[in-house]
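Fold and contact review
What follows is the residue order along each chain.
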Amino acid sequence: MTLPSTAHSALVTLASGAEGGHEESANYTPYITGIGALAALMLLLWITTRFNRDR
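So, a few notes on the structure that sits alongside this text. (Residues numbered from 1 in each chain as written. Predicted model: local features only at pLDDT ≥ 70, side-chain atom pairs only at ≥ 80, totals over all residues. Heavy atoms only, no water.)

Let's shift gears to the overall build of the protein chain. Across its full length, the protein chain holds two helices and zero strands. Across the 55 residues that make up the protein chain, the buried fraction comes to 0%. (Helix = DSSP H or I, 4+ residues; strand = E, 2+ residues; numbered from the N terminus. Buried < 20%, exposed > 50% of the residue type's maximum accessible area, 1.4 Å probe, protein only.)

Dropping the structure here:
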């Protein structure tokens, strides 16, 4: 097997989902990530406004 054919077969295997299914909880991962990022940004905003007392 040459390298391009090996890479092609690996990509086809990954794209077809033959590596196993996703867990049900994986469907909520973008929402959890988004909420976590929003919470982190709101915390940073709150910290910034507490230290910026000159206004």
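Where nonpolar side chains cluster on the molecular surface, the patch consists of Leu41, Leu43, Leu44, Trp46, Ile47 and Phe51 and spans about 690 Å² of accessible area. By the element assignment, phenylalanine 51 lies in helix α2 (residues 29–51). A residue is classified by how much of its surface remains accessible, and phenylalanine 51, at 71% relative accessible area, is exposed. (Patch = residues over 30% accessible without salt bridge, like charges linked within 9 Å, V, L, I, M, F, W, Y side chains within 5 Å. Areas by Shrake-Rupley, 256 points an atom, 1.4 Å probe, with all protein chains shown as cover. Salt bridge = Lys/Arg side-chain N within 4 Å of Asp/Glu carboxyl O.)

Function-wise, these values are silent; they only describe arrangement.
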